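Coordinate analysis (summary)
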Amino acid sequence: MDSDYVIDAVSAILREANIEYVKWDMNRQITDMPCPGYNHKYTLGYYKVMSAITSAFPNVLFEGCSAGGGRFDAGVLAYMPQIWTSDNSDAVSRLKIQYSTSMCYPVYSISSHITASPNHQCGRITSLKTRGDVAYMGTFGYELDITKATDEEFEEIKQQIEFEKQLRPLMRDGDLYRLQNPYDENYCAWSIVSKDKKQVFLFACKVLSVAQTKNPKLKLQGLTPNKQYRDIKTGEIYGGDMLMYRGIKIDYKVQDFATEVKIFEAIN
């Protein structure tokens, strides 16, 4: 298909309709290449299309997905600020998916949505809190039938959205620290620290309810040792040196896949 035709056809739709968001999805790669080097030419053509369309419609949010230069591709980020990370949206699976993706790509380019439970991919049942806690690390959103939510879930969703609004500057501009590797142990943890080191977001998770007497202490990174930090949920105050060198213990509930999120703010 001619790239100019694609540009004209899509542009016509965007001009005529009230569209603010476009997910550019093509879940089947071109597998039967007509000649050597065609995949490279195809990718350059894809970039040409996206360059023209995103330049013409700067107020439309475009999200990348499969195909083009690949699902995640540094070239695509020149045109689309976020990419659908994986069709596997199960919260447990997402620990490794998002942890690994963050090795190469900015946190705010990682699309991480709350989807239905049981999960449509693997059938796993997880709480709305669990799904929300994992989804905070990225372009937080919802991808489910909202008409099936209970009144209690609606209230929890409102709280999640308000909490996420606090995190946006951190997720966009902060520094990511990977604290516990989900590939190596039963725990996963990461934190985002603001550039001025005055605010910290912490996510911590225990994947399985293992038989053990104590949880390992979690040592934060990237703080200012002589600053005092307040846990805004509990009001407890910690020294930056204590958080980094001694660490804190997360009080996980006795269940599979227990998660905790915290925000610390410097008070001096």
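For the structure itself, consult the block above.
Each chain has its residues counted from 1, following the order in which its sequence is written. Restriction of local features to residues with pLDDT of at least 70 applies here, the model being predicted, together with a cutoff of 80 or more for giving and counting side-chain atom pairs; totals for whole chains, interfaces and linings are based on all residues. To obtain the side-chain values, all non-hydrogen atoms of the structure were included, while hydrogens and water were left out.

Examining the pairing of strand S1 (residues 21-24)
Condition: For the exposure calls, accessible area comes from a 1.4 Å probe over protein chains only, and a residue counts as buried if that area is under 20% of its type's maximum, exposed if over 50%, partly exposed in between. By the criteria applied, helices consist of DSSP H or I runs no shorter than four residues and strands consist of E runs no shorter than two, each listed in order from the N terminus. At least two bridges found by DSSP between two strands is the condition for calling them paired.
Residues Val22 and Trp24 point to one face of S1 and are all buried, whereas Tyr21 and Lys23, pointing to the other face, are not buried. As paired strands, S1 and strand S2 (residues 61-64) are joined by 4 bridges and run parallel to one another. Bridged to tyrosine 21 within S2 is leucine 61.

Things to note about the nonpolar core
To keep things clear, this is the line we draw: To define a nonpolar core, start from buried Ala, Val, Leu, Ile, Met, Phe, Trp, Tyr and Cys residues and group those joined through side-chain atoms within 4.5 Å.
The biggest cluster of nonpolar side chains holds 27 residues, and the ones touching the most others in it are Leu95, Leu167, Phe201, Phe203 and Phe257. The element that contributes the greatest number of residues to this core is helix H5 (residues 151-173), accounting for 5 residues. Ranked by size, the runner-up nonpolar core spans 19 residues in total, among them Ala189, Tyr238, Met244 and Ala258.

Topic: the packing of helix H1 (residues 3-16) against helix H2 (residues 38-56)
This is how the line gets drawn: Lines fitted to the C-alpha atoms define the axes, with helices restricted to the stretch that makes contact. Angles between their N-to-C directions range from 0 to 180 degrees. Each angle is binned into one of four classes, with values under 35 degrees roughly parallel, values over 145 roughly antiparallel, values of 65 to 115 roughly perpendicular, and all other values oblique. Each helix crossing is assigned a hand: it is left-handed if the near helix lies turned anticlockwise from the far helix by less than a right angle, otherwise right-handed if that turn is clockwise. Every residue pair with non-hydrogen atoms within 4.5 Å of one another is taken to be in contact. Gly is put with the polar residues, along with every residue not named as nonpolar or charged; the nonpolar set is Ala, Val, Leu, Ile, Met, Phe, Trp, Tyr, Cys and Pro, and the charged set is Asp, Glu, Lys and Arg.
Two elements in contact, H1 and H2, have axes separated by 10 Å at closest approach and are oriented at 30 degrees. Relative to H2, H1 is oriented roughly parallel. Of the two possible hands of crossing, H1 and H2 adopt the one that is right-handed. In this structure, H1 contributes Ser3, Asp4, Val6, Ile7, Val10, Ser11 and Leu14 to the contact, and H2 contributes Gly45, Lys48, Val49, Ala52 and Ile53. Considering only residue class, the contact of H1 with H2 consists of 7 nonpolar, 3 polar and 2 charged.

Quick look at H5
The criterion, for reference: An expected span of 1.5 Å times one less than the residue number is assigned to each helix. Consider a residue and the seven residues that end there alongside the seven that start there; fitting an axis to each set, the bend is the angle between those axes.
Taking 1.5 Å per residue, 23 residues should reach 33 Å; H5 reaches 34 Å between its end C-alpha atoms and fits that length. At leucine 167, H5 shows its maximal bend, which comes to roughly 45 degrees, and the proline proline 169 appears one to four places after that position. For H5, the elements touching its buried residues are strand S4 (110-115), helix H4 (128-135), strand S5 (139-143), strand S7 (187-193), strand S8 (199-206) and strand S11 (258-266).

Concerning the sheet that holds S7
Read from one edge to the other, the open sheet built from 6 strands follows the order S6-S7-S8-S11-S9-S10, with strand pairing classed as antiparallel. A single partner strand is all that each edge strand has here, and the edge strands are strand S6 (175-180) and strand S10 (237-239). When the angles between neighbouring strand axes are averaged without regard to direction, this sheet yields 25 degrees. Bridge analysis of strand S9 (residues 228-231) against S10 gives 3 bridges, and the strand direction is antiparallel. Bridge assignment links arginine 230 to a residue of S10, and that residue is isoleucine 237.

Describing the side chain of threonine 259
The cut-off we apply is this: Identification of polar contacts relies on pairs of N or O atoms within 3.5 Å, with a donor-acceptor requirement for protein atoms, meaning one able to donate a hydrogen and the other able to accept it, and with residues adjacent in sequence counted only if both atoms are side-chain atoms.
Looking at the element boundaries, threonine 259 is found in strand S11. A polar contact of 2.6 Å, which involves the side chain of threonine 259, links it to the side chain of aspartate 133. Among all residues touching threonine 259, those that are not within four sequence positions of it are Lys129, Thr130, Asp133, Phe203, Ala204 and Cys205.

Looking at the environment of aspartate 87
As for its position among the elements, aspartate 87 is in the loop between strand S3 (82-84) and helix H3 (91-101). Measuring from C-alpha to C-alpha, the distance between aspartate 87 and lysine 195 comes to 32 Å, with 108 residues separating the pair along the chain. A distance of 2.8 Å separates a polar atom in the side chain of aspartate 87 from a polar atom in the side chain of tryptophan 84.

Some thoughts on H1
For clarity, the threshold we go by: Comment: arc refers to directions from the helix axis out to C-beta atoms.
Taking 1.5 Å of rise per residue, the 14 residues of H1 would be expected to cover 20 Å, and the 20 Å separating its terminal C-alpha atoms lies within 8% of that figure. Restricting attention to buried positions, one finds in H1 the residues Ser3, Val6, Ile7, Ser11 and Leu14. Buried residues in H1, looked at end-on, bunch into an arc of 120 degrees, giving them a common side. Away from its buried face by more than 90 degrees, H1 exposes Tyr5, Asp8, Ile13 and Glu16. Against the buried residues of H1 lie S1, H2 and S2.

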